[in-house]
There are 2 protein chains.
Amino acid sequence: MPDSIPEDSVGIVEPELHHFDEPLTLRSGRVLPQYDLMVETYGQLNADKSNAVLICHALSGDHHAAGYHSMDDRKPGWWDNCIGPGKPIDTRHFFVVSLNNLGGCNGSTGPTSINPETGQYYGPDFPVVTVRDWVHSQARLADRLGIDKWAAVIGGSLGGMQVMRWAISYPERLHHAVMLAVAPKLSAQNIAFNEVARQSITSDPDFHDGRYRDHGVVPKRGLMLARMVGHITYLSDSSMREKFGRATEQLKHSLNLGRDLRKGKLSFGFDVDFQVESYLHYQGERFSETFDANTYLLMTKALDYFDPTVDYEGDLSAAFAESQCRFVLMSFSTDWRFPPARTREIVDALIRAGKPVSYLEIEADQGHDAFLLPVPRYISAFRNYMQRVHEEVSHAS
Amino acid sequence: MPDSIPEDSVGIVEPELHHFDEPLTLRSGRVLPQYDLMVETYGQLNADKSNAVLICHALSGDHHAAGYHSMDDRKPGWWDNCIGPGKPIDTRHFFVVSLNNLGGCNGSTGPTSINPETGQYYGPDFPVVTVRDWVHSQARLADRLGIDKWAAVIGGSLGGMQVMRWAISYPERLHHAVMLAVAPKLSAQNIAFNEVARQSITSDPDFHDGRYRDHGVVPKRGLMLARMVGHITYLSDSSMREKFGRATEQLKHSLNLGRDLRKGKLSFGFDVDFQVESYLHYQGERFSETFDANTYLLMTKALDYFDPTVDYEGDLSAAFAESQCRFVLMSFSTDWRFPPARTREIVDALIRAGKPVSYLEIEADQGHDAFLLPVPRYISAFRNYMQRVHEEVSHAS
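Residues numbered from 1 in each chain as written. Chains lettered and ligands numbered in written order. Predicted model: local features only at pLDDT ≥ 70, side-chain atom pairs only at ≥ 80, totals over all residues.

In this section: the overall build of chain A. The number of helices and strands found in chain A is eleven helices and ten strands. A globule of 397 residues ought to have a C-alpha radius of gyration of about 21 Å, and chain A, at 21 Å, matches this closely. For chain A, the proportion of its 397 residues judged to be buried stands at 56%. Put simply, 72% of the contacts in chain A that link residues at least 6 apart link residues at least 24 apart. (Helix = DSSP H or I, 4+ residues; strand = E, 2+ residues; numbered from the N terminus. Rg over C-alpha atoms; globule rule 2.2 N^0.38 Å. Buried ≥ 20, exposed ≤ 12 C-beta atoms within 10 Å, placed from the backbone. Contact = placed C-beta atoms within 7 Å.)

The transform that puts chain A on chain B rotates by 180° and translates by 0.0 Å along the axis, for an RMSD of 0.0 Å. Here the symmetry operator amounts to a two-fold rotation axis. The share of interface residues of chain A whose copies in chain B are also at the interface is 100%, consistent with both copies meeting through the same surface. (Least-squares fit on C-alpha atoms with pLDDT ≥ 70 in both.)

Moving on, we get to the packing of helix α3 (residues 188-202) of chain B against helix α4 (residues 220-234) of chain B. Residue and element names in this part refer to chain B. At their nearest, the axes of α3 and α4 sit 7 Å apart, and the two run at 165° to each other. Here α3 is positioned roughly antiparallel relative to α4, judged by the angle of their axes. α4 is crossed by α3, and the crossing has right-handed handedness. Residues F193, V196, A197, S200 and I201 of α3 lie in contact with α4, whose contacting residues are G222, L223, L225, A226, V229, G230 and T233. Taken together, the residues of the contact of α3 with α4 break down into eight nonpolar, four polar and no charged. (Axes fitted to C-alpha atoms, helices over the stretch in contact; angles between N-to-C directions. Parallel < 35°, antiparallel > 145°, perpendicular 65-115°, else oblique. Left-handed = near helix turned anticlockwise from the far one by under 90°. Nonpolar A, V, L, I, M, F, W, Y, C, P; charged D, E, K, R; others polar.)

Turning to the interface of chain A and chain B, a few remarks are in order. Taken residue by residue, the interface counts 41 residues in chain A and 41 residues in chain B. For the side of chain A that touches chain B, the secondary-structure elements that each account for two or more residues are α3 (188-202), α4 (220-234), α5 (237-244), α7 (275-290) and α8 (293-305) of chain A. With eleven residues, the top contributor of residues to the side of chain A that touches chain B is α3(A). Within the side of chain A that touches chain B, the residues separate by chemical class into 21 nonpolar, nine polar and eleven charged.

This paragraph deals with the pairing of strand β5 (residues 52-56) of chain A. All names here are of chain A. Summarising burial for β5: five of the five residues are buried, a large majority. Residue alternation in β5 divides its side chains into two sets, A52, L54 and C56 and V53 and I55, and both sets are buried. Sheet topology places β5 next to strand β6 (residues 95-99); four bridges connect them, and they run parallel. Bridge pairing in β6 places I55 opposite S98. For β5 and strand β7 (residues 150-156), the ladder comprises four bridges, and the chain directions are parallel. Across the sheet, V53 pairs through a bridge with A152, a residue of β7. (Pairing = 2+ DSSP bridges.)

All names here are of chain A. Ordered in space as β1-β4-β6-β5-β7-β8-β9-β10, the eight strands form an open sheet in which the pairing is mixed. Sheet topology places β1 (16-20) and β10 (357-362) at the edges, where each strand pairs with a single neighbour. Taken over all neighbouring pairs, the strand axes of this sheet differ in orientation by 20° on average, direction set aside. Of the pairings in the sheet, the one linking strand β8 (residues 174-180) to strand β9 (residues 326-332) comprises five bridges and is parallel in character. If you follow L180 over to β9, its bridge partner there is M330.

Moving on, we come to unusual backbone geometry. Residues and elements named next belong to chain B. In this model, D209 sits at a positive phi of 55°, which is unusual for a non-glycine residue. Structurally, D209 can be placed in the loop between α3 and α4. Look at D209 and you get exposed, because 9 C-beta atoms sit within 10 Å. Phi is positive for E313, which is not a glycine, with a value near 50°. Considering the arrangement of structural elements, one finds E313 in the loop between α8 (293-305) and α9 (316-319).

Residues and elements named next belong to chain B. Here we have eight strands laid out as an open sheet, ordered β1-β4-β6-β5-β7-β8-β9-β10, and mixed in their pairing. Single-partner strands in this sheet number two, and they are β1 (16-20) and β10 (357-362). Within the sheet, the average angular offset between the axes of one strand and its neighbour, ignoring direction, is 20°. Relative to strand β8 (residues 174-180), strand β7 (residues 150-156) is paired through six bridges, and the arrangement is parallel. Paired with V153 across the strands is A177, a residue of β8. Packing against the sheet, helix α2 (residues 158-169) makes contact with β5 (52-56), β7 and β8, and its axis sits at approximately 150° to β8.

With that out of the way, let us pick up the pairing of β6(A). Residue and element names in this part refer to chain A. The element β6 is extensively covered by neighbouring structure, given that five of its five residues are classed as buried. With burial as the criterion, each face of β6 is covered, one bearing F95, V97 and L99 and the other bearing V96 and S98. Across four bridges, the pairing between strand β4 (residues 35-42) and β6 is antiparallel. Note on β6: the bridge partner recorded for T41 is V97.

The next thing to look at is α8(B). When the terminal C-alpha atoms of α8(B) are compared, their 19 Å separation across 13 residues agrees well with the 18 Å that a helix rising 1.5 Å per residue should span. Counting buried residues in α8(B) gives 13 out of 13 residues, a clear majority hidden from the surface. (Expected span 1.5 Å × (residues − 1).)

Another point: α5(A). Among the residues making up α5(A), those that are buried are A:D237, A:S239, A:M240 and A:F244. Along the axis of α5(A), the buried positions cluster into a sector of 165°, meaning they face one direction only. Those residues of α5(A) that are buried are in contact with α7 of chain A together with α3 of chain B. (Arc of directions from axis to C-beta.)

A separate point is the environment of B:F94. All names here are of chain B. Its place among the elements puts F94 in the loop between β5 and β6 (95-99). As for F94 and L54, which are separated by 40 residues in sequence, their C-alpha atoms are 10.0 Å apart. For F94, the contacting residues outside a window of four places in its chain are G43, N51, V53, I89, A151 and H390.

Let's shift gears to the environment of B:A66. Residues and elements named next belong to chain B. Turning to its location among the elements, A66 is positioned in the loop between β5 and β6. Along the primary structure A66 and W78 are separated by twelve residues, whereas in three dimensions their C-alpha atoms are 6.4 Å apart. Contact partners of A66, with chain neighbours within four places excluded, come to V10, Y42, P76, G77, W79, D80, I83 and G84.

Before going further, it helps to spend a moment on the environment of B:A381. Residue and element names in this part refer to chain B. If you trace the backbone, A381 turns up in helix α11 (residues 376-396). For the pair A381 and A167, spaced 214 residues apart in sequence, the C-alpha separation works out to 22 Å. In this structure A381 touches M330 and L360, once residues within four positions along its chain are discounted.

Looking now at the confidence of the model for chain A. All names here are of chain A. Per-residue confidence for chain A averages 93 on the pLDDT scale, and 95% of its residues sit at or above 70. Below pLDDT 50 for its whole length, residues 250-263 participates in 13 contacts with residues either more than four positions away or in separate chains. Our summary of model confidence lists the complex with pTM equal to 0.93 and ipTM equal to 0.91. (pLDDT = per-residue confidence, 0-100.)

If you want it as structure tokens, here you go:
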């Protein structure tokens, strides 16, 4: 709830639903006969349509990347730190396109949508979608908007994987690939954490094999657990230490729980003793009230499956052979989900492939989440790079 | 199921139950009026009782540290790699004492025991026990066995925390403190993982507020999830990569799951796709069949609560001021649960306190679990150190 819209905000924005009638054949072989994509745009598309950039969202993101939907909004879009007038993705220069991916739960066709073939909610019958499928649907959105070539395709984490896929699948359709906090594919440990999250959801008795909606419930506990696990992996050990240390919980929680827990005292029971516990509970609960469990399953599976080398016998540099864009990658020192060493695997592959690539490792305490946050050196480097993209586009026009 | 007992095994062993009638006042203020400790010993106590070493177990350990209970045993005790004739804790020289800690589920008094005051199972009413309480009960066990002073108290992880507590609370009762893969106290991230594990258990509908036994069920799914999360933190990213990489699951699983999943193919569904997933399922399931959920809650809380500086205004070196033993600590390069930097905090505190301390960082791929495994440099350093302890004890006799 901003009292007034900040000057560097894109302001009040309105999403727009794009319907697609052409069937989309997915990587699994299944076909989506028709689908909707929920889209937001910020800034103005220029006359020759050369200033468009695409934002690809991560696991729990959506189309609402910047600005506010109304003056009652508690918070702006998820990447408001980076999108707006004067911000790295400067809306005075760029036409920014942001969409909710297929399988999502915020307006694009997904498990919470009606399956036109049955008239029922898709629920667990929504097909498994992959990064490649998303990029395919994004290319169709570009066609719809008349954008032949993006000035840049930009994303962090799972969003960065979509950028990678763009550079491989549509080499002639982007000038710049901007990948943040990304890895070439998940490690066994990453997959393991995703599997724990999925098991948390599917073993919640309210999950009902994904048909929870028919039972008038949601698998809230499972979704909460899944988010708690996820959240630990997004934060760094050091950011958690800084945020909470071992600070014991405040009186308010002891009241909630009906315990005589004085501030700084241990409960000697199984209630919340440490602030980090109540923080995770809060994050998990909030998430479980807004996010769809079937979508969460789909998103984690898309992460697990992503492997750009699958058509290239495991050779990542071969995968980039046809790419024509310039690449920039940034990683964050305390990101232990996708540590800098994983990002450098991509950089090394691009170098071996002879592609133009810039790479910056940012010192930041915030772990994987850093790409969402106003880390000064990151914001400044990101802004400088995008400024050069803008100048290139302007000169070409 | 050994065909024959290996030469370097302690052989067939038999646990012994020690009953204690003297009430034990716990750190929480609650009192255990009486209790049992399940104990195993290996080797022979010498005449002057100077060759005894105490083994302290970690989260899911118990008294059965070495040897076999019968020729039908599938596996030996949990630390058989380190205890036996010719092994680091050489049973030709030492009298080894190993017990199941209070609150455990393998014979010592805990949630699965009958509360003598009610005639019912303790279940969730079993009091929260701390490392200090365990060490208190271990000191009584030493009294019972006539051991005034341990040649060494030895433990890894949560076991190492008990060793630390021995050195602080009973400075005159041990010659050597051997701590492996240990930290001075949990980080916020460590606590967060424990809380996810606890939430997994308590949100299982079969948990019934800890009274699952009255309902004839066990919270198997919750315990399985808890163990899966735990297991990820015990292994290193690199060991998981080495063990599983991104290898896709075998045919057998597709058959189990009734899917047409060919080897090396993705399921495009929510069944097991990667070996790491089925490995975690297996570990989690096996654990959930043998371990008590209330005990798991207690053990994680003991970990969370451990803070040896609590009586010393946060100053770890002050905590060690009265200690009289020699210290040896070892950490493992890929342990991200208790990384070497955390172990060095203890080493530094000991140096500041002017105490004799040796420290070794072992290169090992196996993460936190390395202290349980036959890592050559670790085994060799451990053996050398214990050999010197043995020589000291022999000369003093």
